[in-house]
Structures are given as structure tokens and as C-alpha cells.
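Listed here are the chains, written in short residue letters.
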Amino acid sequence: MSFYDKETLYQHEVLSNSSTPKRKTKLLKYLSLVLLAVQTTLVIMVMRYVRTQKGDMFIASTAVIQCEAFKMMASFAIILYQEKSVPKSVRHLVKNIIDQPVDCIRMSIPAIIYVFQNNLFYVAVSNLDAATCQVTYQLKIFTTAICSVIMLKTKISRLQWISLCILFVGVSVVLLPSTKSTKGVTLDEDKNRVLGIICVVTSCCLSGFSGVYFEKILKGTKKSIWLRNVQLGMFGIAVGFITMGFKDGIKVFEKGFFHGYYSVVWFVIFLQSFGGLCTAVVVKYANNILKGFATSGAIVLSCIISVYLFDFHLTKEFTIGALLVVLSVFMYSKCSVK
């Protein structure tokens, strides 16, 4: 899912049977939400760090492929654990992938969207400061809600709609300084703020549709999230290589696939992969919209880290907008349809 969201999204596994105690379910729900919030904060902070370092930069399109490969391997490892042996795991994959090509092809749609979404998010992080990127990316909550109502017939209360409007206004206020010069804020000459905003908003729209589309598929099938992740990974890697060829083919040929990779870059890829698997728990015990709101809890932490690590200056517009986004989180969580 996510950036990413992708955004940004690998979700909805049946991680427990119907006899799971309510207390354990509630604990897993809030634990997964906290983990996702922390992961969302770290991945944007570290991604921003590696994209602003001097020297040879790693090629973002190769990192997207690596992330898809890691998630696919992790999902296969879980299938291997569940099936207890390699032959049984292989037969399980053949039965549900090779023998059911039409069902498998359905997963190509979110896979393609995830690849484009993650590539766009790398561009956004490269051109926006981490805090602004974090707040603006919360627009995916709005797009996810709209898609959920249309595609899943999700019922949203009147106050929840108001909270979504507040979210939209809050993000808009955060972006106000982009239309005029802001005292105390110095933008790098090689950064294109408008391009960054366009990329992150487009990523939000893709994240909302792909996440709900994936959730709809999972709710209409008995196949596990881990099998679906393997299918997503297969298509994602293929599409990732095609994207890399068109976008960075010459650069990869000249410098190599792993050019610019070092420990922190691998850490970013791990964080992205972990976020996709963590989202599975969130959507299982919460829902796709609440998963998006959980990431809003990372805003305050992102601002604090940005101030100390990236010399980010809190403007009046940013502070008001961020507070509105946080307010929308509490409103939405307290005003759900009974």
C-alpha cells in the first residue's frame, strides 16, 4: 500500500479464528494501530533522510522492486510455516495461482497501482519536507472513505463526514505556504514543491482506490492475505521492472541495480515491507479507513523529529492545519455508526 500506503496496503488476513477472545482481539487492534503509526513515522523520516543525502543516490524504482520482493518472500515464509513443508507450500501456490489464473489476474490491478503509488511517493518525499509530506498524505483517508462508501457500501455517520471535511481543510491549510513565500523557511533550489504536492495527492487517490479494491477482494474470498501478497508480489515485481526500464533503464544499465545502496537504504526497504504486513493486522481487527486514521497519530512525532533532524520550521499555517487533522482523527473514531 501505502507509499507504500501503499501506501501502501497489504491487508486483511484471517489471523485468528472466531473463538478469539474479545480482549485479545481488542489488544491486537490497538497494538497494531500503534505499530502502524510508528512505522509510518519512521519510514517517511528515514526515506526523507536517504533522499536528501549528498553523493550518489540510489535508484528509487529499484527500491520499489526490492520492497515487493521482500513482502512476497515474507508472505511465502508464512505460508511455508502454515503448510509445514516446502512441497505442500508449492502445491498450495500452484493450486491457487497456476490453476486459477482468472482469480490471480484480478490482483494485477492493485499490484500495478501499488508500484506507481510507491514510485510517486519517492518523488514526493524528495521534494517535500517530511512533516508536510506526512500531513498531506493523510488525504488518503478521505479518498479511502469515499471509495469505501461507493465500493463497499460502508456507512459513515454525519459527524464522520464532518471530520473528513475537517481533515480536507486541515491538509489544505498546511499547503497554504506553498503559494507564497514563508518567512523562516528556506527551500532547496533543486526541490520542486509543486511537483511534490502533485505526487503525494495522486498517491493518496491511488492508495484509496487500491486499498478498498483489495479489501473487497479479500472479503469475497477465503484465500489468505499471505497468498494474496504472493500474487501481488509477482505482479508487482514484473510491473516494477517494466517501470524501471522506462524510467531508469539507462541509469541502471550504467551504474548497476544496487547502485547507491547502503545500510540505511536497506532499512527503508525493510520498513516499507514491514508496514505492508503490519497493515494486514490493522485491517483485520479494525477497518481500512481506521487504518488510514491511525497513521495520523504519527503527525506530532513527525513534526518533532523534523524540527530536530531536518531544521523544519513550524509555521502558523502548518500548526493550525496539523491540529485540524488531529482533531478529525478523534472525531472520526468517536462518531462511528452504531
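Our structure's up above, just so we're on the same page.
In what follows, the accompanying structure is described. (Residues numbered from 1 in each chain as written. Predicted model: local features only at pLDDT ≥ 70, side-chain atom pairs only at ≥ 80, totals over all residues. Heavy atoms only, no water.)

1. Quick look at the overall build of the protein chain
A count of helical and extended segments in the protein chain gives 14 helices and zero strands. Of the regular secondary structure in the protein chain, the N- to C-terminal order runs α-α-α-α-α-α-α-α-α-α-α-α-α-α. Residues counted as buried form 54% of the 338 residues belonging to the protein chain. Here the protein chain displays about 16,100 Å² of accessible surface, and carbon together with sulfur accounts for 68% of that area. (Helix = DSSP H or I, 4+ residues; strand = E, 2+ residues; numbered from the N terminus. Buried < 20%, exposed > 50% of the residue type's maximum accessible area, 1.4 Å probe, protein only. Areas by Shrake-Rupley, 256 points an atom, 1.4 Å probe, with all protein chains shown as cover.)

2. What about the packing of aromatic side chains?
Applying the stated criterion to the full structure yields eleven aromatic pairs. Members of the aromatic cluster, each reached through a chain of ring pairs, are F58, F70, Y122, F241, F257, F258, Y261 and W266. The ring of F58 carries R51 above its face, with NZ or CZ at 4.9 Å from the centroid. One Lys or Arg, K84, reaches over the ring of Y81 and ends 5.0 Å from the middle of that ring. (Phe/Tyr/Trp six-rings, centres within 6.5 Å; stacked < 30°, edge-to-face > 60°. Lys NZ or Arg CZ within 6 Å of the ring centre and 35° of its normal.)

3. Some points on the packing of helix α3 (residues 86–98) against helix α10 (residues 225–255)
A packed helix pair is summarised by two numbers, namely the angle formed by the two axes and the spacing between the axes. Taken N-terminus to C-terminus, the directions of α3 and α10 make an angle of 65 degrees; their axes are 11 Å apart at the nearest point. Taken together, α3 and α10 sit at an angle that is classed as roughly perpendicular. Crossing handedness for the pair α3 and α10: right-handed. Along its contact with α3, which presents H92, L93, N96 and I97, the element α10 presents L227, V230, Q231 and M234. (Axes fitted to C-alpha atoms, helices over the stretch in contact; angles between N-to-C directions. Parallel < 35°, antiparallel > 145°, perpendicular 65-115°, else oblique. Left-handed = near helix turned anticlockwise from the far one by under 90°. Contact = heavy atoms within 4.5 Å.)

4. A look at the pattern of salt bridges
Tallied over the full model, the rule gives three salt bridges. Measuring nitrogen to oxygen at the nearest pair gives 2.9 Å for the salt bridge that ties R228 to D103. In this pair, R228 sits in helix α10 while D103 sits in helix α4 (residues 101–105), placing the two residues 125 residues apart along the sequence. Each of the salt bridges in this network shares a partner with another, and the network as a whole consists of D103, R106 and R228. (Salt bridge = Lys/Arg side-chain N within 4 Å of Asp/Glu carboxyl O.)

5. Notes on helix α7 (residues 139–152)
For α7, spanning 14 residues, the distance from its first C-alpha to its last is 19 Å, which sits close to the expected 20 Å at 1.5 Å a residue. Every buried residue of α7 is accounted for by L139, K140, I141, T143, T144, A145, C147, S148 and M151. In the stretch just after α7, K153 is the one whose phi turns positive, near 60 degrees. (Expected span 1.5 Å × (residues − 1).)

6. Some thoughts on the side chain of D248
Checked against the element boundaries, D248 lands in helix α10. Within the buried set, D248 has no salt-bridge partner at all; the shortest N-O distance to an opposite charge, 4.3 Å, is to K251. At 2.7 Å, the side chain of D248 forms a polar contact with the side chain of S61. When near neighbours in sequence (up to four residues on either side) are disregarded, D248 contacts I59, S61 and T243. (Lys, Arg positive; Asp, Glu negative; His and termini not counted. Polar contact = N/O pair within 3.5 Å; in protein donor to acceptor, adjacent residues only side chain to side chain.)

7. What about a nonpolar patch on the surface?
Nonpolar side chains collect at one region of the surface, where L31, L35, F267, F270 and F274 lie side by side and expose about 450 Å² of accessible area between them. Among the elements of the structure, α1 (22–50) and α11 (263–285) are those that each provide at least two residues to the nonpolar patch. With three residues, α11 is the single largest residue contributor to the nonpolar patch. Residue classification places L35 among the partly exposed residues on the basis of a relative accessible area of 38%. (Patch = residues over 30% accessible without salt bridge, like charges linked within 9 Å, V, L, I, M, F, W, Y side chains within 5 Å.)

8. Let's talk about the packing of α7 against helix α9 (residues 193–219)
Relative orientation of the contacting elements α7 and α9 amounts to 40 degrees, with a least axis distance of 8 Å. Crossing hand, α7 versus α9: right-handed. For the pair α7 and α9, contact is made by L139, K140, T143, T144, C147, S148, M151 and L152 and by V201, C204, C205, S207, G208, F209, V212, Y213, E215, K216 and K219, respectively. Partitioned by chemical class, the residues of the contact of α7 with α9 number ten nonpolar, five polar and four charged. (Nonpolar A, V, L, I, M, F, W, Y, C, P; charged D, E, K, R; others polar.)

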